[in-house]
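So the chains spell out like this:
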Amino acid sequence: MFRYDSVVVGAGITGSVLAEQLASRLQQRVLLIDRRTYLGGLCSDHRDGTGSPIHTHTPHLLHTQSRRVWDYVQGFGPWRE
């Protein structure tokens, strides 16, 4: 039987960040569940036949003046200013 410290329902931006922070900062074992088969909610994308990233839902925009936030999201994949 698996045991978790926390269960997060919803693997969109908020749920994914919450699960990551619980795991990395508090060393919790986290179960992250979502009805979709992918993480990131509306900010997810997939690769087409040529390997190019295609937005699954909408283009991904992040508006922040915080260097800390910018550095955090860069840790999960490349974003362009």
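Just so it is clear, the structure is predicted and the values come from calculations on it, not from any experiment. (Residues numbered from 1 in each chain as written. Predicted model: local features only at pLDDT ≥ 70, side-chain atom pairs only at ≥ 80, totals over all residues. Heavy atoms only, no water.)

A.B. asks: Can you walk me through the overall build of the protein in this structure?
C.D. replies: Looking only at helices and strands, the protein features 2 helices and 4 strands. Along the protein, helices and strands appear, N-terminal first, in the series β-α-β-β-β-α. Out of the 81 residues in the protein, the part that is buried amounts to 16%. The long-range fraction of contacts in the protein, counting pairs at least 24 apart against all pairs at least 6 apart in sequence, stands at 29%. Looking at the protein, you have 9 positive and 7 negative side-chain charges, and the mean spots of the two groups are 5 Å apart. (Helix = DSSP H or I, 4+ residues; strand = E, 2+ residues; numbered from the N terminus. Buried < 20%, exposed > 50% of the residue type's maximum accessible area, 1.4 Å probe, protein only. Contact = heavy atoms within 4.5 Å. Lys, Arg positive; Asp, Glu negative; His and termini not counted. Charge placed at Lys NZ, Arg CZ, Asp CG, Glu CD.)

A.B. asks: I'm lost on helix H1 (residues 13-26) in this one. Help?
C.D. replies: At 3.6 residues per turn, the α-helix brings residues three or four places apart onto the same side. Between its first and last C-alpha, H1 extends 19 Å over 14 residues, near the 20 Å set by a 1.5 Å rise per residue. Every buried residue of H1 is accounted for by Gly 15, Ala 19, Gln 21 and Leu 22. End-on, the buried residues of H1 take up no more than an arc of 165°, which puts them together on one face. Its buried side turned inward, H1 meets strand E1 (6-9), strand E2 (30-33) and helix H2 (67-74). Taken from the residues just after H1, Gln 27 is the one with a positive phi, measuring 55°. (Expected span 1.5 Å × (residues − 1). Arc of directions from axis to C-beta.)

A.B. asks: Any chance you could explain the pattern of salt bridges here in plain terms?
C.D. replies: Where charged atoms from two side chains of opposite charge come close, those side chains can pair. Tallying each qualifying case throughout the model produces 2 salt bridges. Put simply, Asp 5 and Arg 29 hold a salt bridge, and the shortest N to O gap is 4.0 Å. Here Asp 5 is found in the segment before E1, whereas its partner Arg 29 is found in the loop between H1 and E2, with 24 residues between them in sequence. By relative accessible area, which is 45% here, Asp 5 ends up partly exposed. Note that Asp 71 is salt-bridged to Arg 67, the shortest N-O span being 3.6 Å. Note that Asp 71 and Arg 67 are positioned in helix H2 at a spacing of 4 residues, about one turn of the helix. Arg 67 gets classed as exposed once you look at its relative accessible area, which sits at 51%. (Salt bridge = Lys/Arg side-chain N within 4 Å of Asp/Glu carboxyl O.)

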